[in-house]
Amino acid sequence: MKRKLFTFALFGSLVLTADIYAEVINRIVATVNDEVVTQVELEHKKAIMIMQAKQAAAGEINSTDLAAIEKAVLENLIVNKLIMQEAKSFNVEVSDAEIEERLNEVRKKFASEDELKKGLGESGIGIEDLRESYRYEITMRKLFMDNARQNIILAPQEVKDYYEKNKSDFMKPDKVKVRNVFISKDRRSPDEISAKLRDVNSLVKESSDFKGLAIKFSEGANAFTGGEMGDIARGELSRGVESIIFNLNPGQVSDWIETDSGFYLFKIEEKIPAQQSEFSEAQGAVKNALYNQKMSEKLNSWIAKLKEKAFINIYE
């Protein structure tokens, strides 16, 4: 009997017998026509969404958020199965080659397969999750999007009216003009790095010529321009860095900010407040927003019809 016991970690430390583990695997949380949604499917997708929600919130999420996530994940799984069933009935297929083509586009953005896996892991997903996502995405394009796109027409007056009703959505984001000094960790001991940071820090405090100091001491690619980063709009940098530099006033210098590759000092030269975009400037974005709204309405209507003709049962 003792041999039947083992430990299985599932989003926490749970000690389960083989019988209980089998029950967890085989537990059905919903049926969608002749297919089932299992607890394991639900927990896997929920874990991914929770990790991504925590990253977006830069911290923990509360019980209300967790309940909303579980509800959304189950809804997505049900809709996914409905759509894949519909694709099968219309003989819509996605080849492995099509999926690999999309994966190869992603691979080009990483130095190696290990770097790709690391990047995906930070979002809580693996290669197979990505393959599944691309299969679904390509299926949707073939089954619904291509046809729906042809039936969306944007009249000029309709675009103008949408802009007038949603002006606040078409603001130029606030920006900051920034310079930086970068000190690399590469081939330096912690003591050497600390000494280097102290030396540069003391010089920054003694001098108002941040540009000159950046040219002399920065080890970043933009050192020759005095660490110039240009106009940085809100949303272009990581959340942690953004929260620091957008809270500095012109002339202020940040504390050292550590990254995987090294340490950064940022100096704010100018803050540019958000501004309303004129229609002529925002026209492309307005068309995209209106198009997406119409596409979303069509998609929701189509999914509602799939649900109407389906047999769906959710088990509490």
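Preceding this section is the structure that the text describes.
Sequence positions are assigned chain by chain, starting from 1 and proceeding in written order. Note on the predicted model: pLDDT of at least 70 is required for a residue's local features to be given, and 80 or more for side-chain atom pairs to be given and counted; whole-chain, interface and lining totals, by contrast, use all residues. Each side-chain value is worked out from all heavy atoms of the structure, with water and hydrogens disregarded.

1. Examining the pairing of strand E3 (residues 28-32)
Two faces make up the sheet, and in a regular strand the side chains alternate between them. Counting buried residues along E3, four of its five residues qualify, which places the element largely inside the surrounding structure. Note on pairing: two strands pair once DSSP finds at least 2 bridges between them. Here a strand is any run of E in DSSP of at least two residues, a helix any run of H or I of at least four, and the numbering for each starts at the N terminus. Where E3 meets strand E4 (residues 35-38), four bridges bridge the pair, whose relative direction is antiparallel. Paired with Thr31 across the strands is Val36, a residue of E4. Here E3 folds back onto E4 in antiparallel fashion, the turn holding two residues, of which Asn33 has a positive phi close to 55 degrees. Two elements, E3 and strand E11 (residues 312-314), share three bridges in a ladder whose sense is antiparallel. The partner of Thr31 across the bridge, within E11, is Asn313. To sort residues, take the accessible area from a 1.4 Å probe on protein chains only and compare it with the maximum for the residue type: under 20% means buried, over 50% means exposed, and anything in between is partly exposed.

2. What about the packing of aromatic side chains?
Pairing of aromatic side chains requires ring centres within 6.5 Å, counting the rings of Phe and Tyr and the six-membered ring of Trp. Pairs whose planes differ by under 30 degrees are stacked, by over 60 edge-to-face, and all others tilted. For the structure shown, the criterion picks out six aromatic pairs. Geometrically, the ring pair formed by Tyr163 and Phe170 is tilted, given 6.2 Å between the ring centres and 35 degrees between the ring planes. Accessibility assignment for this pair places Tyr163 and Phe170 in one class, buried. Centre to centre, the rings of Phe182 and Tyr264 are 4.6 Å apart; their planes meet at 40 degrees, and the pair counts as tilted. One end of the pair, Phe182, is in strand E6 (residues 175-184); the other, Tyr264, is in strand E9 (residues 262-272), with 82 residues separating them in the sequence. Look at Phe182 and you get buried, because its relative accessible area is 9%. Grouping aromatic residues by their ring pairs yields a cluster made of Tyr162, Tyr163, Phe170 and Phe279.

These figures capture arrangement, not role.
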